[in-house]
Amino acid sequence: MEEEKMREIHELIEDIRQRATSGKGDPHLPARMWREEEILNGKPVKALVVVLRTSGCRWNACSMCGYFKDSLKGISPDDILKQVDYAISEYRNEEIIKIFTSGSFLDPQEIEFSLQKKIIEKLSGLKNLKVISVESRPEFISYDRLNHLMKLIHPKSMEISIGLESANDKVLQYSINKGFGFSEYLESAKIVKEAGALLKTYILLKPPFLREREAIDDCVHSIEKIKDITDTVSLNPVSVHRYTLVEFLWERGEYRPPWLWSVVEVLKEGKKILGGKRIKCDITGGGKERGAHNCGECDNSVLDAIGRFSLYQDVGYFEELQCDCIDEWRDNLDLEIFSLSPVVS
Ligand SMILES: [Zn+2]
């Protein structure tokens, strides 16, 4: 698609966003909380996931992201601290705690540095906890501040997740509107490693304007380019969030979320590239119209295999999968090469 058309669409989305209400909810309670299984040092453990309500992502302009609904206007540092206290009251000796926001934990405008320190100090007092995991855009990762937080956490570990999405600058700029390039990711990734933290990198499967085959290839190339620096890869298949460019295209029949077969393909290829490092995939809305899906018949068994693979890293879980729709998926991959626009079915 030409750049001018792309700009027009992004302006339109900007307009939709302006009219969309920001999130609603109690400023003293996290936006969402749940528990999930994770692997730590090769063993299954429990993780507590907390999504804090903050003022939200400072960038807030990616084509697929609808997480601004978890933000709240006028939220104060005190409100955020109350949310953390609530989360701690729900802590049940999990070994991992993931503190997410709808933006960047390390953005001092979203969570001022003194508050970051307070939160980390509180969490570091949790007895059974081993790893604290947070997310950030690369521009907010500073060596000095991160080093300071690492000292507060010690001897627990810190994991920083960066949403790179793609190692291809054209995809970052035109398909995602990410606002940074691959070189900025690399600089921040280096800081994370130098500070002694663990690095997780999110890779996005099927941003808009890519055909299914191109989307798979983009993920595989991206994993290849980060294999030496990241500790973990987390594959995120696009799901259709409200008030996004992706939804705008989807409603017009110009976008289909990725097939689950494509997810399986990337996980298999990614595992080959990463060897002993972990690659996992948490699917939101899997098997539904707005999420990654297959034909409807096989979705649950494929999702189940993806979940088990994400924990135990055994590609053997994929070998038993079979459904007639795998031929339709393969045909689509071939057909799209000869068509001008993605095949939507
Ligand atoms: Zn099927």
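Higher on the page you've got the structure.
Residues numbered from 1 in each chain as written. Predicted model: local features only at pLDDT ≥ 70, side-chain atom pairs only at ≥ 80, totals over all residues. Heavy atoms only, no water.

Draft legend 1. Fine view of the overall build of the protein chain. When you go through the protein chain residue by residue, the secondary structure sums to twelve helices and eight strands. Whereas a compact globule of 345 residues would reach a radius of gyration of roughly 20 Å, the protein chain reaches 20 Å, a difference of no more than 12%. When the backbone C-alpha atoms are referred to their principal axes, the protein chain occupies close to 55 × 45 × 35 Å. Surface summary for the protein chain: the accessible area is close to 16000 Å², and the carbon and sulfur share equals 49%. Measuring between centres, the 48 positive side-chain charges of the protein chain sit 6 Å from its 57 negative side-chain charges. (Helix = DSSP H or I, 4+ residues; strand = E, 2+ residues; numbered from the N terminus. Rg over C-alpha atoms; globule rule 2.2 N^0.38 Å. Areas by Shrake-Rupley, 256 points an atom, 1.4 Å probe, with all protein chains shown as cover. Lys, Arg positive; Asp, Glu negative; His and termini not counted. Charge placed at Lys NZ, Arg CZ, Asp CG, Glu CD.)

Draft legend 2. Region of interest: the pairing of strand S2 (residues 43-52). Judged by how many residues are buried, S2 sits mostly within the fold: seven of ten residues are covered. In the sheet, strand S1 (residues 32-40) pairs with S2 via nine bridges, with the strands oriented antiparallel. Across the sheet, isoleucine 39 pairs through a bridge with proline 44, a residue of S2. Between the antiparallel neighbours S1 and S2 lie two residues, among them asparagine 41 with a positive phi of about 50°. The pairing of S2 with strand S3 (residues 96-101) spans six bridges and is classified as parallel. (Buried < 20%, exposed > 50% of the residue type's maximum accessible area, 1.4 Å probe, protein only. Pairing = 2+ DSSP bridges.)

Draft legend 3. The arrangement of the coordination of the zinc ion in detail. Around the zinc ion, the protein supplies Cys295 (SG), Cys298 (SG), Cys323 (SG) and Cys325 (SG) as donor atoms, at distances of 2.3 Å. Geometry at the zinc ion is tetrahedral, judged from the four donor atoms that bind it and their angles of 102 to 115° at the metal. Read in sequence order, the donor residues for the zinc ion give the motif C-x2-C-x24-C-x1-C. The class of cysteine 295 is partly exposed, set by a relative accessible area of 38%. Overall, cysteine 298 belongs to the buried group, its relative accessible area being 4%. (Donors = N, O, S within 2.8 Å, 3.2 Å for Na, K, Ca; no water. Tetrahedral: all angles 85-135°; square planar, octahedral: opposite > 155°, others 65-115°.)

Draft legend 4. Quick look at the packing of aromatic side chains. Under the defined criterion, the tally for this structure stands at three aromatic pairs. Relative to tyrosine 243, the ring of phenylalanine 68 has its centre 6.5 Å away and its plane inclined at 50°; by these criteria the two rings are tilted. Here phenylalanine 68 is found in the loop between S2 and helix H2 (77-89), whereas its partner tyrosine 243 is found in the loop between strand S7 (232-237) and helix H8 (245-251), with 175 residues between them in sequence. Overall, phenylalanine 68 belongs to the buried group, its relative accessible area being 11%. Of the residues examined, tyrosine 243 reaches a relative accessible area of 30% and is grouped as partly exposed. Geometrically, the ring pair formed by phenylalanine 309 and phenylalanine 318 is tilted, given 5.1 Å between the ring centres and 40° between the ring planes. (Phe/Tyr/Trp six-rings, centres within 6.5 Å; stacked < 30°, edge-to-face > 60°.)

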